[in-house]
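As a plain string of letters, each chain reads:
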Protein chains: 2
Amino acid sequence: MNSISSILLLLLTVFFTSSIEARVHHLKWDVKYEYKSPDCFSKLSITINGLSPGPTITATRGDTVVVEVFNGLLTENTAIHWHGIRQLGTPWSDGTEGVTQCPIQPGETFVYRFVVDREGTYMYHAHYGMQRSAGLHGMIRVLVPEGTREPFTYDGERTLVINDWWHKSTFEQATGLASSKFTWIGEPQSLLINGRGRYNCSMAGPMDVCNTTSPECSPASFVLVPGKTYRLRIASVASLSAFNLELEGHNLTIVEADGHYVRPVVVKNLNVYSGETYSVIIKADQDPSRNYWVGLNVVSRKPGTQTGTAILNYYPNHPLARPPTAPPAGPMWNDVEYRFNQSRSIVSHPEYVEPPPRTSDRLIILLNTQNKIDGYTKWAVNNVSFTLPLTPYLVAIKQGLRHVFSQKPAPETYDLKTYDIHNVSHNPNATTSNSIYRMDFGSTVDVVLQNANTLNPNNSETHPWHLHGHDFWVMGYGMGKFDPEVDPKSYNLVDPIQKNTVAVHPYGWTALRFVANNPGVWAFHCHVEAHFFMGMGVVFEEGVEKLGKLPTSIMGCGESKHR
Amino acid sequence: MNSISSILLLLLTVFFTSSIEARVHHLKWDVKYEYKSPDCFSKLSITINGLSPGPTITATRGDTVVVEVFNGLLTENTAIHWHGIRQLGTPWSDGTEGVTQCPIQPGETFVYRFVVDREGTYMYHAHYGMQRSAGLHGMIRVLVPEGTREPFTYDGERTLVINDWWHKSTFEQATGLASSKFTWIGEPQSLLINGRGRYNCSMAGPMDVCNTTSPECSPASFVLVPGKTYRLRIASVASLSAFNLELEGHNLTIVEADGHYVRPVVVKNLNVYSGETYSVIIKADQDPSRNYWVGLNVVSRKPGTQTGTAILNYYPNHPLARPPTAPPAGPMWNDVEYRFNQSRSIVSHPEYVEPPPRTSDRLIILLNTQNKIDGYTKWAVNNVSFTLPLTPYLVAIKQGLRHVFSQKPAPETYDLKTYDIHNVSHNPNATTSNSIYRMDFGSTVDVVLQNANTLNPNNSETHPWHLHGHDFWVMGYGMGKFDPEVDPKSYNLVDPIQKNTVAVHPYGWTALRFVANNPGVWAFHCHVEAHFFMGMGVVFEEGVEKLGKLPTSIMGCGESKHR
């Protein structure tokens with residue numbers, strides 16, 4: 001089955017599901033600042049209905065979700081992205097400020113309405129400035145309709161939203177990043193599991209409020225009945241960190257990645273990159289007389305943060321009874337091969353394979369670099385550091401406002417022959433631009449993410465790239481420089497996993513394929529919040545001409561005012 | 001001469017001045033966050049072209065000032081108010097978010113254009129959220145045309161912008177104020193003179209950056225040539241504090257208040273309330289072998305902050321040579337009578353008297369109270385705590401959008417007979433509303449501000465009330481409850497000062513008179529930023545029907561989108 005037919009089938013499925021049993025979930029969300037102490041240290045957080053992480057959205061495949069977002073921030077705008085939801089037919093609900101909508105002003109209410117067309121684990125978060133890291137994020141669970149079989153069974157389900165947390169505000173972080181005297185905020189103060197972590201309050205200042213007895217920072221505890229089997233849904237909303245998640249003494253069987261069923265892989269611990277979601281199955285098969293640690297460790301960067309912990313609570317032990325052991329330390333932070341191999345081990349479940357098109361119509365190679373541009377530190381793709389236009393692309397393209405963003409096509413590749421990805425390059429030609437990639441509607445596009453050395457010698461970072469509006473097939477991973485003549489021959493055409501977020505490993509490459517068949521304008525960017533803020537993203541457009549009238553609610557900024 | 005004629009005369013003056021010699025000042029301002037250390041402690045500030053306080057605007061009476069404000073904040077909107085500039089004929093340039101314009105979104109440029117029609121000392125500052133306290137403020141100097149005599153002479157001029165400063169962000173302050181568990185940020189960490197103060201860095205926490213050798217926090221120093229006479233222009237942009245300013249060993253002769261010439265008053269020290277401006281004359285007539293302190297002290301609230309200091313530098317001593325004495329401690333903070341009497345001593349310069357209309361057409365009495373409303377702590381006027389509508393009043397009224405704010409007239413008075421202003425009152429009928437006062441165009445309006453006890457026993461605060469779009473005559477001050485039968489008999493009909501900001505003293509009243517002859521919508525509010533944020537304000541409308549088409553640049557929020 002080719003992918004256009006598969007989309008059609010999906011739409012038909014949605015239609016029939018809707019007509020039979022689909023429900024509409026009406027949610028009213030109040031977004032505002034509140035003092036929270038997720039790691040015992042009191043700090044301003046952006047909350048939804050008083051919560052950070054916000055409420056978990058639970059719906060069934062085919063349902064419609066309607067979220068009325070009231071912006072109760074004092075002076076700040078906002079926008080919320082439904083990460084992993086493809087927004088088939090509703091590109092204006094993607095929640096990406098500057099791409100699909102104007103920001104929601106303080107005091108305003110914006111209504112997002114979309115269909116959750118596929119089961120799986122997703123997330124939502126702010127897509128404006130660095131507000132995701134300020135606490136505006138949460139999980140989406142899309143269940144299969146009753147009676148529908150999944151390729152695994154379990155007795156119960158638990159959810160884990162994992163995150164990194166700073167005590168300085170995102171304004172402080174952003175100001176440091178945007179200064180000509182680049183200032184880095186430093187490593188996170190703590191790692192959070194379901195918004196709970198632990199900071200050493202003796203490090204706090206005299207003006208700080210830090211209280212280790214606050215109930216807000218008692219660890220998350222997951223009760224398990226001995227002998228039973230559990231599905232853990234995991235979503236990383238991390239600002240910066242690549243994580244390794246380990247459940248002391250318990251193997252994890254990976255069964256779902258970004259809403260797609262995985263051929264089961266058993267691992268001792270799971271690498272999770274920002275923007276990724278997984279389901280794993282665990283069995284409560286250990287000595288039931290004690291509890292066990294959930295350990296969250298930073299990988300890929302040299303950790304400067306204590307292991308984040310939660311408790312696997314074997315019933316009827318006390319939920320907060322401290323395990324008698326030390327929390328898992330995870331793998332070596334710089335063991336790239338370990339992470340690379342785990343990435344490669346994740347392929348589609350054999351019963352759920354949707355094979356990719358065998359060939360593609362276009363190859364875009366995206367070199368990932370850190371650059372100095374006009375004295376500012378930036379991230380760039382093919383030497384272009386991305387900036388958002390004032391008028392959202394969706395409105396600009398639909399209304400033919402060609403002057404609001406650069407009409408020069410964004411570059412298809414980099415200097416493959418001579419560029420040395422293994423050493424510092426100064427890229428004097430690097431520029432900033434809001435130019436985009438426009439796709440032929442229905443065409444198959446290959447994108448190869450090529451990693452390189454940063455501005456620091458012997459350093460290449462991990463970048464989790466997230467595509468809006470689509471899933472892509474992960475065609476292959478490699479170390480070193482991608483060779484367009486050779487490497488495509490080793491692509492997985494048989495059972496590649498589909499994802500919306502994928503890592504490009506240090507000095508490596510990752511190849512993706514997708515079909516440009518969802519009319520709209522879609523961001524594709526590194527999910528490290530600081531990296532996107534510093535320009536590490538691109539935008540894809542396809543089939544905007546097929547869309548009907550855009551809702552005026554997405555307008556009201558730049559050239560979309562007074563139209 | 002009645003006041004309508006005086007306005008006409010003024011307009012003619014502006015016209016002739018313009019046609020002869022008026023200039024247009026084009027300013028380009030970039031508003032953004034930067035780390036600043038005004039008191040040695042590094043903190044995020046909102047800056048204009050890198051400065052906080054922002055650049056001083058200097059123009060000559062009759063000139064036009066055009067300010068292109070680029071909002072370079074990441075996620076925050078903004079708006080800038082030109083405090084003391086009446087905006088005759090340009091009500092859309094008043095810069096009051098929610099009243100005269102929609103906020104300026106990040107990445108947008110808004111152009112303010114107005115005539116500075118009267119000489120004197122003014123200020124500008126953000127009028128959105130609590131951004132003024134985040135650093136977005138500065139001074140406006142309007143000079144007399146060359147050859148024009150002022151009623152005093154001097155050899156040189158110095159400017160002082162005075163302020164209070166916190167190390168927590170305004171977001172933190174605002175969140176505490178808006179919580180049902182009301183949290184007060186506490187007294188300021190330091191008092192600033194021209195953006196310079198001094199914090200005791202040994203009180204800073206381990207994550208803080210505090211450096212007493214930073215050049216940013218070396219004290220302001222005002223060089224004086226012995227024997228010469230100086231005009232000091234003073235503007236208080238304070239968030240909270242009432243100030244007393246003392247120049248060690250030097251008397252001050254008050255000669256200007258809020259742009260109006262004062263019958264000279266000699267004082268040992270000057271009380272300055274937030275939103276007020278003064279000019280004082282000093283003579284460098286002390287022992288020239290040393291420097292002297294400028295001492296800034298908190299009055300009206302029990303001080304929790306060290307005296308703010310700067311240096312009066314007698315040339316040729318070193319500008320930063322420390323005076324051998326202790327800085328002035330100012331008067332007793334709770335000496336209300338002292339402040340009350342100084343307020344009463346300020347009347348119009350005899351040669352510049354513009355007498356008020358002898359009678360008024362309307363009396364509005366505004367009871368100032370602190371209230372609990374639905375569990376939240378608020379400030380209220382006649383038991384109404386003010387809230388801003390989403391659509392600016394100016395647009396709403398001009399376009400007849402009656403549904404965007406309450407059409408119920410705001411209350412003209414309170415229960416004069418039975419209300420006990422000297423004790424805590426629980427005011428169970430207090431409400432929030434965005435209702436306004438609509439004035440007959442050209443009518444004369446008396447407003448009496450009546451102070452009362454707060455929610456704390458034996459406590460009444462000082463409230464500096466600021467009126468946009470007008471100057472008012474200060475008809476009288478009193479202690480205790482205003483009696484409309486008796487007190488107007490003691491009004492000063494001879495030589496009252498005109499001001500735009502005036503204090504109502506603890507348990508006292510202040511009576512104002514103004515002519516509603518400036519078409520537009522005008523805020524009138526307590527200039528303590530937290531108090532206005534908590535509802536201590538009202539809005540006056542007059543003659544909006546006389547205005548031509550409004551500029552679309554003020555639109556783009558609420559119901560003013562897509563019109």
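Residues numbered from 1 in each chain as written. Chains lettered and ligands numbered in written order. Predicted model: local features only at pLDDT ≥ 70, side-chain atom pairs only at ≥ 80, totals over all residues. Heavy atoms only, no water.

Which entries qualify depends on this criterion: UniProt positions are given in the numbering used here, feature names are shortened, and annotations may be inferred rather than shown by experiment.
Taking an unreviewed UniProt entry as the reference, chain A is identified by name as L-ascorbate oxidase belonging to Vanilla planifolia. You can read under Catalytic activity (unreviewed entry) in the UniProt record for chain A the words "4 L-ascorbate + O2 = 4 monodehydro-L-ascorbate radical + 2 H2O". Under Cofactor (unreviewed entry), UniProt gives the following word-for-word description of chain A: "Cu cation".

## Comments concerning a nonpolar patch on the surface
Residue and element names in this part refer to chain A. Rules: Each patch is built from residues that are more than 30% exposed by relative accessible area and take part in no salt bridge. Like charges join if they lie within 9 Å; nonpolar side chains (Val, Leu, Ile, Met, Phe, Trp, Tyr) join within 5 Å. The Shrake-Rupley method, run with a 1.4 Å probe sphere, supplies the accessible areas, and residue values consider only the shown protein chains as cover. The working definition used for a salt bridge is a side-chain nitrogen of Lys or Arg within 4 Å of a carboxyl oxygen of Asp or Glu. Here a strand is any run of E in DSSP of at least two residues, a helix any run of H or I of at least four, and the numbering for each starts at the N terminus. Each residue gets one of three labels from its accessible area relative to the maximum for its type: buried under 20%, exposed over 50%, partly exposed in between, using a 1.4 Å probe on protein chains only.
A cluster of nonpolar residues, Val223, Val225 and Tyr315, forms a patch on the protein surface that exposes about 250 Å² of accessible area. Tracing the chain through its elements places Val225 in the loop between β11 (221-224) and β12 (229-236). Note on Val225: relative accessible area 36%, which makes it partly exposed.

## Describing the UniProt feature "domain: Plastocyanin-like" (unreviewed entry) in chain A
Residue and element names in this part refer to chain A. Residues annotated in UniProt with the feature "domain: Plastocyanin-like" (unreviewed entry) correspond here to residues 31-143, 158-316 and 422-543. Note that residues 158-316 is 5% helix and 44% strand, and that its end C-alpha atoms are spaced 17 Å apart. Across residues 422-543, the secondary structure splits into 4% helix and 43% strand, with the terminal C-alpha atoms separated by 38 Å.

## Quick look at helix α3 (residues 336-345) of chain A
Along an α-helix, residues three or four apart share an orientation, since each turn contains 3.6 residues. Residues and elements named next belong to chain A. For the record, the criterion: In this description, one arc is meant: the one made by directions from the helix axis to the C-beta atoms. The contact definition used throughout considers only heavy atoms, calling two residues in contact when any of these lie within 4.5 Å.
Looking at α3, one finds that the buried residues are Val336, Arg339, Phe340, Gln342 and Ser343. Burial along α3 is one-sided: seen end-on, the buried residues are contained in an arc of 165°. On its buried face, α3 sits against β15 (260-267), β16 (269-272), β18 (292-299) and β27 (472-479).

## Here's the deal with the interface of chain B and chain A
Applied cut-off: Using a 1.4 Å probe, buried area is obtained as the accessible area two parts lose upon being combined, added over both of them. Polar contacts, as used here, are pairs of N or O atoms within 3.5 Å; protein pairs need one atom able to donate a hydrogen and one able to accept it. Residues neighboring in sequence count only if both atoms are side-chain atoms. Ten residue types, Ala, Val, Leu, Ile, Met, Phe, Trp, Tyr, Cys and Pro, are classed as nonpolar, four, Asp, Glu, Lys and Arg, as charged, and the remainder, Gly among them, as polar.
Contact with chain B, which involves 41 residues of that partner, is made by 41 residues of chain A. Across the chain B/chain A interface, buried area totals approximately 3,400 Å², and carbon plus sulfur atoms make up 59% of it. Across the chain B-chain A interface, the total number found is two salt bridges. When the shortest N-O distance is used, the salt bridge between Lys561 of chain A and Glu108 of chain B registers 3.1 Å. Viewed at the interface, chain A and chain B are joined by 11 residue pairs in polar contact (both at pLDDT 80 or more). When residues of the side of chain B that touches chain A are traced back to their parent elements, those giving at least two are β1 (24-36) and α2 (170-177) of chain B. A per-class count over the side of chain B that touches chain A returns 19 nonpolar, 15 polar and seven charged.

## A few points about unusual backbone geometry
Tyr315 of chain A connects to Pro316 of chain A through a cis peptide bond whose omega is 0°. Checked against the element boundaries, Pro316 of chain A lands in the loop between β19 (308-314) and α3. A cis geometry characterises the amide bond from Ser52 of chain B onward to Pro53 of chain B, with omega recorded as -10°. Tracing the backbone through its elements, the reader meets Pro53 of chain B in the loop between β2 (43-48) and β3 (57-60). Its identity as a non-glycine residue notwithstanding, Asn382 of chain A has a phi of 50°, on the positive side. Looking at the element boundaries, Asn382 of chain A is found in the loop between β21 (376-381) and β22 (384-386). For Asn382 of chain A, a relative accessible area of 7% translates into the label buried.

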